[in-house]
Amino acid sequence: MLDPWLIPVRLALYAALALGFGLPAFMLHALGNDADAAITRRLFRLTAVAAVVGIVASGFALWMMARDMASSSDPGATWDTARVLLMETAVGTTWVIRVVLLALVAGIATLRVAPERVRIAALAAIGAVALATLAWAGHGAMSEGDMAWLHLGADIIHLLAAGVWVGTLVALVLIAREASIAADTFPAQLLSRAAGGFARLGSVVVAALLVSGTINYLLIVGPSVSELVDTLYGRILLAKLAVFTGMLALAAANRFRLAPALEFALQTGNTLRAVAALKRSLWLETALIFGVLVLVAGLGMLDPGA
Ligand code: HEM
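Residues numbered from 1 in each chain as written. Predicted model: local features only at pLDDT ≥ 70, side-chain atom pairs only at ≥ 80, totals over all residues. Heavy atoms only, no water.

### Notes on the site of the ligand
So, step 1. Within the structure, the ligand sits among 27 residues, and Y14, H139, D155, H158 and K240 are positioned closest to it.
So, step 2. Between the ligand and the protein, one listed contact pairs an oxygen atom with a side-chain N or O atom of H139 at 2.4 Å.
So, step 3. Between the ligand and the protein, one listed contact pairs an oxygen atom with a side-chain N or O atom of D155 at 2.3 Å.
So, step 4. Looking at the shell around the ligand, the elements with two or more residues in it are α6 (146-181), α7 (186-220), α9 (232-268) and α10 (272-299).
So, step 5. If you tally residues by element for the shell around the ligand, the top one is α7, at seven residues.
So, step 6. Taken together, the residues of the shell around the ligand break down into 19 nonpolar, six polar and two charged.
So, step 7. Split by domain, the shell around the ligand shows at least three residues from each of two domains, domain 1 (1-137) and domain 2 (145-306). (Near = heavy atom within 4 Å. Polar contact = N/O pair within 3.5 Å; in protein donor to acceptor, adjacent residues only side chain to side chain. Helix = DSSP H or I, 4+ residues; strand = E, 2+ residues; numbered from the N terminus. Nonpolar A, V, L, I, M, F, W, Y, C, P; charged D, E, K, R; others polar. Domains from an automatic or database assignment.)

Structure (structure tokens):
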């Protein structure tokens, strides 16, 4: 019986790795060279914190997995199992790669080792590989033969698409907070531009999640609809899709109502109400996506057929 404490650890892992890639990816596609220095600094700092949380959560996840496999709480037996996991399995190899890459992310996000745009591009690339390693830690690695790489590939696309959405939402909430307290309208202009910019990328993210998620389901459960209702795994996935639908409704409201309202308000200079409405919706959408990550943290531990 898997340790229920693994759920908060897996949630921390998904959230940290998604931010470790998603925040620099946001900086790359939404923030130009004229971005507010204070906001950029905060996004770098949050990326570094996410990387450190990712390393700590990876340590806990490995230890808890080893303890469950050793089915003993004796630290010596757990350490022996952890060493075998690290030295002799794909889970171990990808774990080591992830921790090394996260340490790099923490360093590059903290130290001014290169021009800002170079650091942002490097963080997005390294963060993407670190996030992709999670595919080997869940059901993504359960297929064999020809289907093995299709499943891993679909799962990696799923993780990266989820990372872009998580990172963009957290960054937009941060900018909206800044815009709601700032004396000038610069942060509100940035919010309007960034929210507008994500509208286009957002459609690609949603399509990638739907296609890769369906491939995931077909390779884990198979072409069965009844399993969605008959199994705990299926019911949790249905709950996830319900939350996802709520997110789509909020994203549509942001795109077609709240962001255009802010754009219009910027012409009159009275942006506070438009900023407050968009901020509220972004907070709600962010709460929902973390709800999806909680469900996924449990989903990946379940036996799909049970
Ligand atoms: C906001 C939208 C979504 C987010 C943030 C999200 C996030 C995730 C994450 C992080 C994983 C874990 C991958 C792993 O551990 O390897 C996952 C797995 C999965 N997702 Fe999604 N997903 C989203 C939407 C969808 C949609 C729309 C579908 C279905 C069409 C879907 C189906 C699945 C399936 C079947 C799995 C495999 C679960 C497992 O057994 O480990 N997801 N999702």
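Structure's up, so let's keep going.
### Concerning the nonpolar core
One broad trend across soluble globular proteins is that nonpolar side chains are buried collectively.
So, step 1. Ranked by internal contacts, the top residues of the largest apolar core, which has 80 residues, are F26, L43, W165, L191 and L282.
So, step 2. The element that contributes the greatest number of residues to this core is α6, accounting for 16 residues.
So, step 3. Two domains each put at least three residues into this core: domain 1 (1-137) and domain 2 (145-306). (Core = buried A, V, L, I, M, F, W, Y, C linked by side-chain atoms within 4.5 Å. Buried < 20%, exposed > 50% of the residue type's maximum accessible area, 1.4 Å probe, protein only.)

### Brief notes about the pattern of salt bridges
So, step 1. Applying the stated rule across the entire model yields two salt bridges.
So, step 2. Between R42 and E178 there is a salt bridge, with the nearest N and O atoms lying 2.9 Å from each other. Of this pair, R42 sits in helix α2 (residues 37-70) while E178 sits in helix α6, placing them 136 residues apart in sequence.
So, step 3. With a relative accessible area of 18%, E178 lands in the buried category.
So, step 4. The residue R83 makes a salt bridge to D80 at a minimum N-O spacing of 3.5 Å. Here the residue R83 and the residue D80 both occupy positions in helix α3 (residues 75-88), the gap between them amounting to three residues, near one helical turn.
So, step 5. On the basis of relative accessible area, D80 is assigned to the partly exposed category, the value being 40%. (Salt bridge = Lys/Arg side-chain N within 4 Å of Asp/Glu carboxyl O.)

### Details of the domain arrangement of the protein chain
So, step 1. The domains assigned to the protein chain are domain 1 (1-137) and domain 2 (145-306).
So, step 2. Its C-alpha centre places domain 1 at a distance of 20 Å from the equivalent point of domain 2.
So, step 3. The partner domain 2 presents 31 residues to the 30 residues of domain 1 that form the contact.
So, step 4. With both chains or domains summed, domain 1 and domain 2 bury close to 2700 Å², and 82% of this area falls on carbon and sulfur atoms.
So, step 5. Joining domain 1 to domain 2, the criterion identifies two residue pairs in polar contact (both at pLDDT 80 or more). (Contact = heavy atoms within 4.5 Å. Buried area = accessible area lost by both parts, 1.4 Å probe.)

### A word on the side chain of S212
So, step 1. With respect to the helices and strands, S212 occurs in helix α7.
So, step 2. Relative accessible area serves as the criterion here: at 3%, S212 is assigned to the buried category.
So, step 3. Side-chain polar atoms of S212 contact the backbone oxygen of L209, separated by 3.5 Å.
So, step 4. If near-sequence neighbours (up to four positions away) are discounted, S212 is found in contact with A154, I157 and H158.

### Topic: a nonpolar patch on the surface
So, step 1. A surface patch of nonpolar side chains, about 270 Å² in accessible area, is lined by V52, V56 and F60.
So, step 2. With respect to the helices and strands, F60 occurs in helix α2. (Patch = residues over 30% accessible without salt bridge, like charges linked within 9 Å, V, L, I, M, F, W, Y side chains within 5 Å. Areas by Shrake-Rupley, 256 points an atom, 1.4 Å probe, with all protein chains shown as cover.)

### Concerning α3
So, step 1. Taking 1.5 Å of rise per residue, the 14 residues of α3 would be expected to cover 20 Å, and the 20 Å separating its terminal C-alpha atoms lies within 8% of that figure.
So, step 2. Where α3 is concerned, the buried positions are T78, T81, A82, L85 and L86. Summarising the axial view, the buried residues of α3 lie within an arc of 135°, below the 170-degree limit, and thus occupy one face. Across α3 from its buried face, at more than 90 degrees, point the exposed residues M87 and E88. (Expected span 1.5 Å × (residues − 1). Arc of directions from axis to C-beta.)

### Considering the side chain of H158
So, step 1. Secondary-structure assignment places H158 in helix α6.
So, step 2. Of the residues examined, H158 reaches a relative accessible area of 15% and is grouped as buried.
So, step 3. Discounting residues that sit within four places of it in the chain, H158 has contacts with L209, S212, G213, N216 and K240.

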